[in-house]
Amino acid sequence: MNYDELKFYGQGIHHAKTKEIVFFELLLRKEDNKNIFPKDSYLSMISQQEEHQQYVKWLQKTLTRILEANPTKRFSFNLDPQELEYEEPFDLLENLKEYKQRLIIEITEKPPMKRNYPYFSAVNVEAFKKIAQYGYQIALDDIGQGINSLDNVLELKNYFQIVKFSALSFQKKVSEDILQKIIVLFASIAVQLDKTFVVEGIENQKFASWLETNVCCYHQGYLYSTPEKIVTIDY
């Protein structure tokens, strides 16, 4: 992976009523294209621990620069479940502990390719415990997809604070009525668990207005931050 080509851009997570940005999700992109996640390079990196070690060094340096340059802002960044099978992310979190009040660790939904936890365990609970012990907030990305199933959400309920639901994947597979019922279900679970609920993939005002009327959640999506308007984070 050529780290000189990588850059983080920020997409805001917005308060539904005030539209103010509550925090930014840091999106990993090639510097010359805000729209494209470098998935092939990223997959190669997380597949090989030695290469992942180099990525974590770049990540620590870059996150530190972002946090120092933006002292009043909060950010989330993604960790893939495969990364939780390595030691380097925990070294990273240890080294960034002074910023833990402004960093949210967002765990994505793809199951790890190689894992060290027991076969009959559906998720690496110990990794979540460790992150929580460092004092960071944890967000579960794409609830209801991949490893972030409802069963795992309930298994991990003592360790995370935020659940994120992506409407985009479901919009392609179900009717609007069914999608709304799914969102209401996950939102009610978040309320029962006393978690913050974020809906991603909001691309039009009609959907945003329905959410504002029917669901207690933060908003994220192209309605607020199109690819062309994703914030260039200073660092």
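Note: the structure precedes this text.
The paragraphs below set out a description of the structure included in this document. (Residues numbered from 1 in each chain as written. Predicted model: local features only at pLDDT ≥ 70, side-chain atom pairs only at ≥ 80, totals over all residues. Heavy atoms only, no water.)

1. Observations regarding helix 4 (residues 125-134)
Turning to helix 4, its buried residues number three or more, namely V125, A127, F128, I131 and Y134. For helix 4, the secondary structure elements touched by its buried residues are helix 3 (88-95), strand 4 (103-107), strand 5 (137-140) and helix 5 (150-155). Following helix 4 by one or two positions, G135 adopts a phi angle in the positive range, close to 100°. (Buried < 20%, exposed > 50% of the residue type's maximum accessible area, 1.4 Å probe, protein only. Helix = DSSP H or I, 4+ residues; strand = E, 2+ residues; numbered from the N terminus. Contact = heavy atoms within 4.5 Å.)

2. A closer look at the state of the cysteines
Counted according to the given criterion, the structure contains zero disulfides. Cysteine C216 is unpaired, with the sulfur of C217 as its nearest cysteine sulfur at 7.1 Å. Look at C217 and you get buried, because its relative accessible area is 8%. (Disulfide = S-S within 2.5 Å.)

3. Concerning the packing of helix 7 (residues 176-192) against helix 8 (residues 205-214)
Viewed as axis vectors pointing N to C, helix 7 and helix 8 meet at an angle of 40°, and their least axial separation amounts to 12 Å. As summarised for this structure, helix 7 and helix 8 are arranged oblique, according to the angle between their axes. For the element pair helix 7 and helix 8, the recorded crossing hand is right-handed. Residues E176, Q180, I183 and V184 of helix 7 lie in contact with helix 8, whose contacting residues are K206, F207, W210 and L211. Partitioning the contact of helix 7 with helix 8 into residue classes produces five nonpolar, one polar and two charged. (Axes fitted to C-alpha atoms, helices over the stretch in contact; angles between N-to-C directions. Parallel < 35°, antiparallel > 145°, perpendicular 65-115°, else oblique. Left-handed = near helix turned anticlockwise from the far one by under 90°. Nonpolar A, V, L, I, M, F, W, Y, C, P; charged D, E, K, R; others polar.)

4. Here's the deal with the pattern of salt bridges
Per the counting criterion, the structure on display carries eleven salt bridges. Among the ionic pairs, K164 bridges to E200, the shortest N-O distance being 3.4 Å. Of this pair, K164 sits in strand 6 (residues 162-166) while E200 sits in strand 7 (residues 196-200), and the two are 36 residues apart along the sequence. The buried category is assigned to K164, whose relative accessible area is 0%. It is possible to trace a salt-bridge network through shared partners that takes in E25, E106, K164 and E200. (Salt bridge = Lys/Arg side-chain N within 4 Å of Asp/Glu carboxyl O.)

5. Some remarks on helix 7
Here helix 7 spans 24 Å end to end across 17 residues, near enough to the 24 Å set by a 1.5 Å rise per residue. Of the residues making up helix 7, those classed as buried are L179, I182, I183, F186, A187, I189 and A190. All buried residues of helix 7 fall inside an arc of 160° around its axis, so they share one side. Along helix 7, exposed side chains directed more than 90 degrees from the buried face belong to V191 and Q192. As for helix 7, its buried residues are in contact with helix 5, strand 6, helix 6 (167-171), strand 7 and helix 8. Where helix 7 terminates, the next one or two residues include D194, which has phi positive at roughly 60°. (Expected span 1.5 Å × (residues − 1). Arc of directions from axis to C-beta.)

6. Brief notes about the nonpolar core
Counting residues in each nonpolar core, the largest one holds 66 residues, and the members touching the most others are F77, F165, I183 and F197. Beyond its immediate chain neighbours, meaning those up to four positions away, I183 contacts F165, F197, V199, F207, W210, L211 and V215. In terms of nonpolar packing, the next biggest core, distinct from the first, is built from six residues, I13, F23, I104 and I162 among them. (Core = buried A, V, L, I, M, F, W, Y, C linked by side-chain atoms within 4.5 Å.)

Remember that the coordinates give geometry; whether it matters functionally is a separate question.
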